[in-house]
Amino acid sequence: TSEVSAAGNFYSLSDYDAATNTITFSKVTETTANTPYLFIPAASTTPFAQLSGKEVPVTSPNNVTLSSKGLTFKGVYTSQTLKSSTTETLYGYRSTDGTFVKIGQTNGAKIKPFRAYLSLSKTTNPAAIFVNFDDAVTGITDIHAEKSANNQVYNACGQLISRDGSNHLQGKGIYIMNGKKVIIK
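All of these numbers come straight from a predicted model, not from anything done at the bench.

Undergrad: What is the right way to look at the overall build of the protein chain in this model?
TA: When helices and strands are tallied, the protein chain shows one helix and 15 strands. For the protein chain, long-range pairs separated by at least 24 residues make up 59% of all intrachain contacts whose partners lie at least 6 apart in sequence. Element-wise, carbon and sulfur atoms account for 51% of the exposed surface of the protein chain, whose accessible area totals about 12300 Å².

Undergrad: Sorry if this is basic, but what is going on with the environment of Pro-126 here?
TA: Within the secondary structure layout, Pro-126 lies in the loop between β10 (115-121) and β11 (128-133). For Pro-126, a relative accessible area of 9% corresponds to the buried category. For the pair Pro-126 and Thr-20, spaced 106 residues apart in sequence, the C-alpha to C-alpha distance is 9.7 Å. Setting aside its immediate chain neighbours within four residues, Pro-126 contacts Tyr-16, Asn-21, Tyr-91, Lys-102 and Leu-120.

Undergrad: In this structure, what is going on with the pattern of salt bridges? I would like to understand it.
TA: Throughout the structure, instances matching the rule amount to two salt bridges. For Asp-97, the salt bridge identified is with Arg-94, shortest N-O distance 2.9 Å.

Undergrad: Teacher, can you tell me more about the packing of aromatic side chains here?
TA: Centre distance and the angle of the planes are the two values used to describe a pair of aromatic rings. As enumerated under the stated definition, the model contains nine aromatic pairs in all. Ring centres of Tyr-11 and Phe-133 lie 4.6 Å apart, and the angle between their planes is 55°; on these two criteria the pair is classed as tilted. You can see Tyr-11 sitting in strand β1 (residues 8-17) and its partner Phe-133 sitting in strand β11, a full 122 residues away along the chain. Here the two residues Tyr-11 and Phe-133 agree in accessibility, since each one is buried. One aromatic cluster is present, formed by Tyr-11, Phe-25, Phe-73, Tyr-93, Phe-100 and Phe-133 through successive ring pairs.

Undergrad: What am I meant to see in the pairing of strand β8 (residues 99-103) here?
TA: A regular strand carries its side chains on alternate faces of the sheet. As paired elements, strand β7 (residues 88-94) and β8 share five bridges and run antiparallel to each other. Among the inter-strand pairings, Gly-92 is bridged to a residue of β8, identified as Val-101. Counted between consecutive antiparallel strands, the loop separating β7 from β8 contains four residues, among which Gly-98 sits at a positive phi close to 70°. In this structure, β8 lies alongside β11, joined through three bridges in antiparallel fashion. Bridging from a neighbouring strand, Val-101 pairs with Ala-128 of β11.

Undergrad: I would appreciate a short explanation of the environment of Gly-171 in the present structure.
TA: Summarising the element assignment, Gly-171 is placed in the loop between β13 (160-162) and β14 (173-177). C-alpha of Gly-171 to C-alpha of Ile-184: the two residues are 13 residues apart in sequence and 7.1 Å apart in space.

Undergrad: Which parts of the structure should I look at to understand unusual backbone geometry?
TA: Leaving glycine aside, a negative phi is the common case for residues, and trans is the common case for peptide bonds. Of note in the backbone geometry, Asn-21 takes a positive phi value of approximately 55° without being a glycine. For Asn-21, the location among the structural elements is in the loop between β1 and β2 (22-28).

Undergrad: Help me understand the nonpolar core in this model?
TA: Generally speaking, a soluble globular protein has its nonpolar side chains buried in company with each other. Ile-23, Phe-25, Phe-73, Phe-100, Leu-118 and Ile-129 are the most contacted members of the largest nonpolar core, which totals 16 residues. For this core, the secondary-structure elements that each account for two or more residues are β1, β2, β5 (71-76), β10 and β11. If we skip the residues at most four places from it in the chain, Phe-100 touches Ile-23, Phe-25, Phe-73, Tyr-91, Gly-92, Tyr-93, Leu-118, Ala-127, Ala-128, Ile-129 and Val-131. Val-76, Leu-90, Ile-103 and Tyr-117 belong to the second-largest nonpolar core, a separate cluster that totals six residues.

Undergrad: When you look at the sheet that holds strand β12 (residues 153-155) in this model, what are you seeing that I'm missing?
TA: Hydrogen bonding along the main chain pairs the strands of a sheet, whether they run parallel or antiparallel. The four strands are arranged β13-β12-β14-β15 in an open sheet whose pairing can be described as antiparallel. The sheet terminates laterally at β13 and β15 (180-184), the two strands that pair on one side only. In this sheet, adjacent strand axes meet at a mean angle of 40° when their direction is disregarded.

Parameters at a glance
In this convention, every chain numbers its residues from 1, walking through the sequence in written order. Residues qualify for local features only when their pLDDT is at least 70, as the model is predicted, and side-chain atom pairs are given and counted only at 80 or more; totals for whole chains, interfaces and linings, by contrast, use all residues. By convention in this description, side-chain values take in all heavy atoms of the structure and omit both hydrogens and water. Secondary structure elements are defined from DSSP: runs of H or I of at least 4 residues count as helices, runs of E of at least 2 residues count as strands, and each element is numbered from the N terminus. By the convention used here, residues are in contact when the closest approach between their heavy atoms is within 4.5 Å. Surface accessibility follows the Shrake-Rupley procedure with a 1.4 Å probe radius. Residue values consider only the protein chains on display as shielding. Throughout, exposure labels follow a simple rule: accessible area from a 1.4 Å probe, protein chains only, divided by the maximum for the residue type, with under 20% read as buried, over 50% as exposed, and the rest as partly exposed. Within this document, salt bridges are pairs made up of a side-chain nitrogen of Lys or Arg and a carboxyl oxygen of Asp or Glu, the two lying within 4 Å of each other. Pairing of aromatic rings covers Phe, Tyr and Trp, the last counted by its six-membered ring, and requires centre-to-centre distances within 6.5 Å; plane angles under 30 degrees mean stacked, over 60 mean edge-to-face, and any other angle means tilted. By the convention used here, strands pair only if DSSP detects at least 2 bridges between them. Note on terminology: a nonpolar core comprises buried Ala, Val, Leu, Ile, Met, Phe, Trp, Tyr and Cys residues joined through side-chain atoms within 4.5 Å. Angles shown run from 0 to 180 degrees and are taken between the N-to-C directions of axes, each axis being a line fitted to C-alpha atoms and, for helices, limited to the stretch in contact.

The quantities given are spatial measurements derived from coordinates; they are silent on function.
The following block contains the structure:
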């Protein structure tokens, strides 16, 4: 509904790359009941305030399984304490850095109702699983590089010889001037 779409975006698990420990989520425009999704809220600080007091029917949740990759995305309707075991490693989503982090076997982690987590068979055991959204580039921000001052001269080892270009021709050799290689014979 429009109330939900105004609150943020829902993503469905679509792929897992074990080589890079990266999972990919695809944005969905419609949700299916009893299916777990990763929800990323909009800028609003209270994303579902307008849904307060509405009844949500509870039935058994369906799991999203990428069985060929040994990964399952599971949803819960009640508060639970999750613990990894000798046969599967569980991961909870950490929104501060957008990764899924490993849940230990001893203490575990408490998960609130209407949340989801990952289950990975013990064939691999990464400390964290990185998240990629297929509708956005993540982890790249604007790069602000300072332009070097004109006429700076470096030797072949990268050592600054002159800041203003004076005394830069101190003999035969390879120099770097304004980012370009210069050979003096």
